[in-house]
Amino acid sequence: MATKEVSENTLIAQEYKNLLRNTYLSLSEKDKKLIRLAFETAVDAHKDQRRKSGEPYILHPIAVAQIVADEIGLGATSIAAALLHDVAEDTSLTLDDIELMFGKEVAKIVDGLTKISKLSKDKRVSVQAENFKKMLLTMNDDVRVILIKIADRLHNMMTLEFMPEEKQVRIASETLYIYAPLAHRVGMYNIKSQLEDLGLKFTEPEVFADIERKIKDSEEERLEYIKHFKEELQNHLGKERIQFEIEGRFKSIYSIRKKMQLKNKRFNEVFDRFAVRIIYKSTPKNEKFLAWKIYSIVTDHFQPNPTRLRDWISSPKSTGYEALHITVVGPGSKWVEVQIRSKRMHEIAEKGYAAHFKYKHGSKDEGGMELWLNRLREVLESQEADAVDFVKEFKLNLYASEIFVFTPMGDLKSLPKGATPVDFAFAIHSEVGEKTRGARVNGKIVPLNHPLNSGDQVEIITSEAAKPSTSWLDFVITAKARSAIRTSLRTEERLIADEGKELLRRKLRQMKFKFGDRIINAMITYFKLKTSLDLYYRIGIGTIDNKMLKKFAAEENNRFWQLFRRRPTDKAKPKSTDANQVSSFYDMLVFGKNQETLDYTLSPCCSPIPGDGVFGFVSINDGIKVHKNECPNAISLHSNYGYRIINAKWIDSSKGFFTGIIRLSGIDRLGLVNEVTHLISNAHNVDILQIQFDTENGTFTGQIKLHVRHASTLHMLINKLEKITGIDKVVRD
Ligand code: MN
């Protein structure tokens, strides 16, 4: 016993010494004291606890603190908070104690970390999503909370083998689902790769082991190749007095796996490229110049593929990542990916957030991190009612890559890839977004759903009379635009509903009903709606018309008399009051951003019904399967096959559909009508209600009546029809 304790104490002391050995931080005496005190407090607080592995518990917080110091590069406050991160939750020490001993800042971070770990461990997707939402809201207070949480998760993943198996899978899925994307977004690529590889190891152990073995088998060959490559360049770079290192770059097991799945390829087909990294020493002033000098030397020797050049030095990613990437034909005619970065760029690439501080020396960081945090705040502030949607949208924002566009004044704006002029307008100001009527990109008028490209100059044309349209929701991709459009539409809907209500009041009077709760409730039940607002809105836009109202009135009168006549004998049958009854108007499932109607089957594992929150899963053999958001399989589908998930939602086909008429004219030719109907009904799945073509002296005029959901569909068809040979003019009636 005594010897065990002694050796354990030695081990703890040893680990503590290692904690600060590798950090590049220059810690003041005060910093060191703070860390020492945190260490001693944590040792004492955890002294009777052991981890599942049997180790003394304190080794966990020390390991987390070491990741925080070395791999993330955070300062003394964070190191102390990491040492104390499990204290408030698991021991008798309280947050007040921590505040007294270590001050407000440390206490606040520990508090954030404790809140996250207290979140429910419920397996249902909706609860999980709620957890993530809370977690993200907590981290919004201080980004260090999430950085330390990621470190905590990394160490837990490293020691996951000691957990019971069912917990392993849950924790590993969660890691893949949210922690790895988070690490990616804050630019901690190293940690992200580790999280992903460990996540794969515990969710798909055989796959992991297989790829790991294959990589090992080819290692020797790769090292040999890199040596060759290096030898060819060594002299030339040396002649220019460039100090550099060349290292082989190894793809993570997870990324190989993902590529194999995505492209449906075998290991050898994916793992065919060699990748090297040239890391050079430079003063800040010469950095960019040297990068291109090296580029020039490399491409003098090896033929580059011009389409694969990426210049992240002139415009760094929003994570702060900088480097030049090229692909060249290397020795033995093999493709080699080459990354060129300075030592500083390299460190930022590996460590992300914190490394910026080392180089910026307290100067206000105006780089990518601020941009990212702002965007994050936006996502967090866009109040999505449904937590599952929230997490989905959040994840989309995490992975989105970036484009850079200019305002007419030449200001640079960063937007996620795929952003449209409407996203841009809302990014400038919500007032600009709400008044958007059109847009000019590089001087030319473009449709509002036109995807922007890096370097575009975008000008928004506004008008006082303009207002957001439902169809915008089909193409905007930023959370900010989406939530602003929704808010504005709700206001619009309310205005129409107000008109509808007045209209209904008059109609009821004409039909001799008294306007009031009883009759309104009867109508809501009769039309299978949810709220009175739904009712008023439908009357306002006319989907519930006079004929339907009259039919309702007739049945209502009839029912009333029946009741009156039968009252004495009738043991009124219980009315079908199904609590889950949903609007019969939710009658159609649509998929993807463009809300397409596609073939699908409802998955038997959770049997969704109209109105449920759902998502589509593209299966290999059975097409699209629709699952509920709360389906027990949802988490694992999302985390393992995220790329096969397709958005799905029930829509009310009566609410938005309207009849549109297109008139067209041009020069008649054989097969023209056929081509037109084919384009409309087959290629775009739009219902033709009526079609009429007249020809005269070789020219024709036609009129087509269509059933469409949005005006945008009509516009899109008009654009496409105009391109058919022979068609001269297409207009909307
Ligand atoms: Mn922990």
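Residues numbered from 1 in each chain as written. Predicted model: local features only at pLDDT ≥ 70, side-chain atom pairs only at ≥ 80, totals over all residues. Heavy atoms only, no water.

Participant: Please provide a residue-by-residue account of the overall build of the protein, values included.
Facilitator: Each helix and strand in the protein was counted, giving 30 helices and 19 strands. Per-residue burial for the protein yields a buried fraction of 46% across its 733 residues. Sequence separation of at least 24 residues holds for 67% of the intrachain contacts in the protein that already meet a minimum separation of 6. For the protein, the accessible area works out to roughly 38,800 Å², and carbon and sulfur atoms hold 50% of it. (Helix = DSSP H or I, 4+ residues; strand = E, 2+ residues; numbered from the N terminus. Buried < 20%, exposed > 50% of the residue type's maximum accessible area, 1.4 Å probe, protein only. Contact = heavy atoms within 4.5 Å. Areas by Shrake-Rupley, 256 points an atom, 1.4 Å probe, with all protein chains shown as cover.)

Participant: Could you give me a rundown of the coordination of the manganese ion, with the residues and numbers involved?
Facilitator: At the metal site, the manganese ion is ligated by His 60 (NE2), His 85 (NE2), Asp 86 (OD) and Asp 152 (OD), and these contacts range over 2.2 to 2.5 Å. Read in sequence order, the donor residues for the manganese ion give the motif H-x24-H-D-x65-D. With His 60 in helix α3 (residues 59–72) and Asp 86 in the loop between α4 (76–83) and α5 (87–90), this pair connects stretches of sequence that are 26 residues apart. Pair check on accessibility: His 60 and Asp 86 agree, each one buried. (Donors = N, O, S within 2.8 Å, 3.2 Å for Na, K, Ca; no water.)

Participant: Please set out a nonpolar patch on the surface residue by residue, giving values where relevant.
Facilitator: Together, Leu 37, Leu 100 and Met 101 line one region of the surface with nonpolar side chains, adding up to about 310 Å² of accessible area. Relative to the assigned elements, Met 101 resides in helix α6 (residues 95–102). (Patch = residues over 30% accessible without salt bridge, like charges linked within 9 Å, V, L, I, M, F, W, Y side chains within 5 Å. Salt bridge = Lys/Arg side-chain N within 4 Å of Asp/Glu carboxyl O.)

Participant: Would you mind going over a negative patch on the surface in detail, with residue names and values included?
Facilitator: A surface patch of like charges, here negative, comprises Glu 219, Glu 220, Glu 224, Glu 231 and Glu 232. If you trace the backbone, Glu 224 turns up in helix α13 (residues 219–239). (Lys, Arg positive; Asp, Glu negative; His and termini not counted. Charge placed at Lys NZ, Arg CZ, Asp CG, Glu CD.)

Participant: So what's going on with the packing of helix α12 (residues 205–217) against helix α14 (residues 253–263)? Which residues, and what values?
Facilitator: The description of two packed helices rests on the angle between their axes and on the distance between the axes. Contact pair α12 / α14: the axes reach a minimum separation of 10 Å and the direction vectors enclose 105°. For the element pair α12 / α14, the angle class is roughly perpendicular. For the pair α12 and α14, contact is made by Val 207, Phe 208, Ile 211, Glu 212 and Ile 215 and by Ile 253, Ile 256, Arg 257 and Met 260, respectively. Taken together, the residues of the contact of α12 with α14 sort by class into seven nonpolar, no polar and two charged. (Axes fitted to C-alpha atoms, helices over the stretch in contact; angles between N-to-C directions. Parallel < 35°, antiparallel > 145°, perpendicular 65-115°, else oblique. Nonpolar A, V, L, I, M, F, W, Y, C, P; charged D, E, K, R; others polar.)

Participant: Report on the packing of aromatic side chains, specifying residues and quantitative values.
Facilitator: Applying the stated criterion to the full structure yields 11 aromatic pairs. On the numbers, 6.4 Å between centres and 40° between planes, the contact of Phe 513 with Phe 552 is tilted. Of this pair, Phe 513 sits in the loop between α23 (479–510) and α24 (517–526) while Phe 552 is found in helix α26 (residues 546–566), placing the two residues 39 residues apart along the sequence. Take Phe 513 and Phe 552: they sit in the same class, and that class is buried. An aromatic cluster of three or more residues is present, and its members are Phe 513, Tyr 526, Phe 527 and Phe 552. For Arg 51, the ring lying beneath its charged end belongs to Tyr 57, and the centroid distance is 6.0 Å. Over the ring of Phe 515 we find Arg 505; its NZ or CZ atom is 4.5 Å from the centre of that ring. (Phe/Tyr/Trp six-rings, centres within 6.5 Å; stacked < 30°, edge-to-face > 60°. Lys NZ or Arg CZ within 6 Å of the ring centre and 35° of its normal.)

Participant: Tell me about the environment of Ile 445, and name the residues and values.
Facilitator: Along the chain, Ile 445 turns up in strand β9 (residues 444–446). Residues Ile 445 and Ile 461, 16 residues apart in the sequence, show an inter-C-alpha distance of 9.5 Å. Those residues within four positions of Ile 445 in sequence are excluded, and the remaining contacts are Ala 439, Arg 440 and Ile 461.

Participant: An account of the side chain of Ser 471 is needed here, citing residue identities and associated values.
Facilitator: Looking at where Ser 471 falls in the secondary structure, it is placed in the loop between β10 (458–462) and α23. Residue classification places Ser 471 among the buried positions, given a relative accessible area of 10%. Polar contacts involving the side chain of Ser 471 include one to the side chain of Ser 469, which spans 2.7 Å. (Polar contact = N/O pair within 3.5 Å; in protein donor to acceptor, adjacent residues only side chain to side chain.)

Participant: Now, about the side chain of Glu 204: what can you tell me, with residues and values included?
Facilitator: Structurally, the position occupied by Glu 204 is in the loop between α11 (189–203) and α12. Residue Glu 204 is classed as buried on the basis of its relative accessible area of 18%.

Participant: Describe the packing of helix α9 (residues 143–158) against helix α10 (residues 165–185), naming the residues involved and giving the relevant values.
Facilitator: Two numbers describe how α9 lies on α10: the axes approach to 11 Å, and their chain directions differ by 140°. Between α9 and α10, the angle falls in the class oblique. Crossing hand, α9 versus α10: left-handed. On the side of α9, the interface is formed by Ile 146, Lys 149, Ile 150, Arg 153 and Met 157, while α10 contributes Ile 171, Ala 172, Glu 174, Thr 175, Tyr 179, Leu 182 and Ala 183. In terms of residue class, the contact of α9 with α10 is made up of eight nonpolar, one polar and three charged. (Left-handed = near helix turned anticlockwise from the far one by under 90°.)

Participant: Tell me about the nonpolar core, and name the residues and values.
Facilitator: One finds Leu 83, Leu 84, Ile 98, Ile 148, Ile 150, Ile 191 and Leu 195 to be the most contacted residues of the largest nonpolar core, which totals 59 residues. Broken down by element, this core gets its largest block of residues, nine residues, from α9. Among all residues touching Ile 148, those that are not within four sequence positions of it are Val 64, Val 68, Leu 74, Ser 78, Ala 81, Ala 82, Ile 109 and Leu 113. In this structure, Ile 226, Phe 244, Ile 294 and Ile 340 belong to the second largest nonpolar core, which totals 27 residues. (Core = buried A, V, L, I, M, F, W, Y, C linked by side-chain atoms within 4.5 Å.)

Participant: Which residues make up the pattern of salt bridges, and what values go with them?
Facilitator: This structure, assessed with the given rule, holds 22 salt bridges. Put simply, Glu 502 and Arg 505 hold a salt bridge, and the shortest N to O gap is 3.5 Å. Here the residue Glu 502 and the residue Arg 505 both occupy positions in helix α23, the gap between them amounting to three residues, near one helical turn. The residue Glu 556 makes a salt bridge to Arg 518 at a minimum N-O spacing of 3.1 Å. One end of the pair, Glu 556, is in helix α26; the other, Arg 518, is in helix α24, and 38 residues separate them in sequence. The exposed category is assigned to Arg 518, whose relative accessible area is 52%.

Participant: Please provide a residue-by-residue account of the sheet that holds strand β1 (residues 244–248), values included.
Facilitator: In sheet architecture, strand pairing relies on hydrogen bonds along the backbone and comes in two forms, parallel and antiparallel. Strand order in the open sheet formed by five strands is β1-β2-β5-β4-β3, with mixed pairing between adjacent strands. The open sheet has two edge strands, β1 and β3 (310–311), and neither has a second partner. Note: β1 against strand β2 (residues 274–280), five bridges, orientation antiparallel. In the sheet register, Glu 245 faces β2, and the bridge partner there is Ile 279. Here helix α17 (residues 343–351) sits on the sheet and contacts β1, β2 and β5 (334–342); the angle it forms with β5, its principal contact strand, is near 100°. (Pairing = 2+ DSSP bridges.)

Participant: I'd like a rundown of helix α2 (residues 29–45), residues and numbers included.
Facilitator: For α2, with 17 residues, the first-to-last C-alpha span of 24 Å sits near the 24 Å given by 1.5 Å per residue. Those residues of α2 not exposed but buried are Ile 35, Ala 38, Phe 39, Thr 41 and Ala 42. One side of α2 carries all its buried residues, which in axial view fall inside an arc of 170°. Seen from the open side of α2, the exposed residues pointing more than 90 degrees away from its buried face are Glu 29, Lys 30 and Lys 33. (Expected span 1.5 Å × (residues − 1). Arc of directions from axis to C-beta.)

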